[in-house]
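The lines below spell out each chain.
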Amino acid sequence: MGRLIGEGTFLENISYLRYWIHAFLTPTLTLYCVGILEISKNITIKKPALYGAIVITILLITVEIQSELINLTLQPQWEFGVLRYVPIETASGPPLMILFVTIILLLSGVLLWMSEKWVWLFVGASLMTIGSIVSFPIDSGAITNGFEVILIIFLVLTKQHLERDVYNTEY
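Here's what I pulled together on the structure shown here. Keep in mind the model is a prediction, meaning the values are calculated, not measured.

## Quick look at the overall build of the chain
Okay, so step 1: From N to C terminus, the chain includes seven helices and two strands.
Okay, so step 2: Relative to its full complement of 171 residues, the chain shows a buried share of 32%.
Okay, so step 3: Total accessible area on the chain is roughly 10800 Å²; 66% of this is exposed by carbon and sulfur atoms.
Okay, so step 4: Counting 9 positive and 13 negative side-chain charges, the chain places the centres of these two groups 11 Å from one another.

## Points about the side chain of Thr-30
Okay, so step 1: Residue placement: Thr-30 occurs in helix α3 (residues 29–39).
Okay, so step 2: When neighbours within four sequence positions are excluded, Thr-30 is seen to be in contact with Ala-53, Ile-56, Thr-57, Leu-60 and Ile-104.

## Regarding the pattern of salt bridges
Okay, so step 1: This model, assessed by the stated rule, comprises two salt bridges.
Okay, so step 2: Residues Glu-163 and Lys-159 are paired through a salt bridge, measuring 2.2 Å at the closest nitrogen-oxygen approach. Residue Glu-163 and its partner Lys-159 are both found in helix α7 (residues 143–167); the two are separated by four residues, about one turn of the helix.

## Some points on the packing of aromatic side chains
Okay, so step 1: One pass over the structure, following the stated rule, counts three aromatic pairs.
Okay, so step 2: Their ring planes at 5 degrees and their centres at 5.8 Å tell us that Trp-120 and Phe-154 sit as a pair that is stacked. Here Phe-154 lies in helix α7 and Trp-120 lies in helix α6 (residues 120–133), a separation of 34 residues in the sequence.
Okay, so step 3: With relative accessibility at 39%, the residue Trp-120 sits in the partly exposed group.

## So, unusual backbone geometry
Across residues other than glycine, the phi torsion is negative in most instances, and most of the peptide bonds are trans.
Okay, so step 1: With phi around 60 degrees, Lys-117 is a residue other than glycine that occupies positive phi space.
Okay, so step 2: Mapped onto the fold, Lys-117 is located in the loop between α5 (96–116) and α6.

## Quick look at the packing of helix α2 (residues 9–25) against helix α4 (residues 47–69)
Okay, so step 1: Running from N to C, α2 and α4 point in directions that differ by 150 degrees, and their axes come no closer than 8 Å. By the angle between their axes, α2 is roughly antiparallel relative to α4. Between α2 and α4 the crossing geometry is right-handed. Residues Tyr-19, Trp-20, His-22, Ala-23 and Phe-24 of α2 pack against Ile-61, Glu-64, Ile-65 and Leu-69 of α4.
Okay, so step 2: Residue composition of the contact of α2 with α4, by class: seven nonpolar, one polar and one charged.

## Some words on the pairing of strand β2 (residues 82–87)
Okay, so step 1: Strand direction decides the pairing type here: strand β1 (residues 74–79) and β2, joined by six bridges, are antiparallel. Looking at the pairing, Pro-76 lines up with Tyr-85 of β2.
Okay, so step 2: Following β1, the chain reverses through two residues before pairing antiparallel with β2; Phe-80 in that reversal takes a positive phi of roughly 55 degrees.

## Overview of the nonpolar core
Okay, so step 1: Counting 20 residues, the largest nonpolar core has Leu-105, Leu-112 and Leu-155 as its most contacted members.
Okay, so step 2: At six residues, α3 tops the list of elements feeding residues into this core.
Okay, so step 3: When sequence neighbours within four positions are dropped, the list of residues in contact with Leu-155 reads Leu-29, Tyr-32, Leu-105 and Leu-121.
Okay, so step 4: Leu-11, Leu-72, Leu-74 and Tyr-85 belong to the second-largest nonpolar core, a separate cluster that totals 11 residues.

## Structural notes on the packing of α4 against α5
Okay, so step 1: In contact at an axis separation of 8 Å, α4 and α5 are set at 150 degrees when each is read in the N-to-C sense. If you check the angle between α4 and α5, you find them roughly antiparallel. Mapping the contact onto sequence places Ile-56, Leu-60, Val-63 and Glu-64 in α4 and Leu-96, Met-97, Phe-100, Val-101 and Ile-104 in α5.
Okay, so step 2: Among the residues making up the contact of α4 with α5, the classes are represented as eight nonpolar, no polar and one charged.

Reading guide: rules and limits
- Within every chain, residues take consecutive numbers counted from 1 along the sequence as written.
- Residue-level local features of this predicted model are given only where pLDDT is at least 70; pairs of side-chain atoms are given and counted only at 80 or more, and the full residue set underlies all totals for whole chains, interfaces and linings.
- Derived side-chain values reflect all non-hydrogen atoms in the structure, with water molecules and hydrogen atoms excluded from consideration.
- We count a stretch as a helix when DSSP gives it H or I for four or more residues in a row; a strand needs E for two or more, and each element gets its number in order from the N terminus.
- Classification of residues uses two cut-offs on accessible area relative to the type maximum, computed with a 1.4 Å probe and protein chains only: under 20% is buried, over 50% is exposed, and between them is partly exposed.
- Working definition of accessibility: Shrake-Rupley area with a 1.4 Å probe, residue cover restricted to the visible protein chains.
- This count recognises Lys and Arg as positive and Asp and Glu as negative, with His and chain-terminal groups excluded.
- By convention, charge coordinates are those of NZ in Lys, CZ in Arg, CG in Asp, or CD in Glu.
- Between two residues, a contact is recorded if the distance between any of their heavy atoms is within 4.5 Å.
- By definition, a salt bridge exists where a carboxyl oxygen of Asp or Glu is found within 4 Å of a side-chain nitrogen of Lys or Arg.
- A pair of aromatic rings is counted whenever rings of Phe, Tyr or Trp (Trp by its six-membered ring) have centres within 6.5 Å, and the orientation is called stacked for planes under 30 degrees apart, edge-to-face for over 60 and tilted otherwise.
- The axes used here are C-alpha line fits, helices contributing only the stretch in contact, and every angle between their N-to-C directions lies in the interval 0 to 180 degrees.
- Angle categories: roughly parallel below 35 degrees, roughly antiparallel above 145, roughly perpendicular from 65 to 115, and oblique for all the rest.
- Take the far helix as the reference: if the near one is turned anticlockwise from it by less than a right angle, the crossing is left-handed, and if turned clockwise, right-handed.
- Under the grouping applied here, Gly and all other residues not named as nonpolar or charged are polar, the nonpolar ones being Ala, Val, Leu, Ile, Met, Phe, Trp, Tyr, Cys and Pro and the charged ones Asp, Glu, Lys and Arg.
- In this analysis, strands are considered paired if DSSP registers two or more bridges between them.
- Buried Ala, Val, Leu, Ile, Met, Phe, Trp, Tyr and Cys residues form a nonpolar core when they are joined through side-chain atoms within 4.5 Å.

If you want it as structure tokens, here you go:
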């Protein structure tokens, strides 16, 4: 859309909005993990685990705001024929919030694999991790978005699988 919208305040503002939405929504995957573990038939989640997940989610949002957004300044950048706004200063290494969310997804995937024999959350989180780390010889930055879509598909499949077992319903 950047190519159609063009450089300017509007594209810059919706780019800022994208960074803020990412900071608030991505940590909620912690709550997703507690939710799917709770509906699994072989894992019992106690109230302190839920409260802990809420606290972790709030902490991850706070860390992301403090480390990535407070002093965020964007600049226009053309890449592969696409105009987008990117941070002027790039962080060295992946953001802490992403690391913690990834660890939580992987651990939840291992728990489901061990208790439910459902490997697919672990596979999805692993593919997302590999896709973020490995440099692919493709002239596009959209490859990471492809791995995000794969993760989302595995998140949905995991929830459907566990709900089907619990509620004995068809999807």
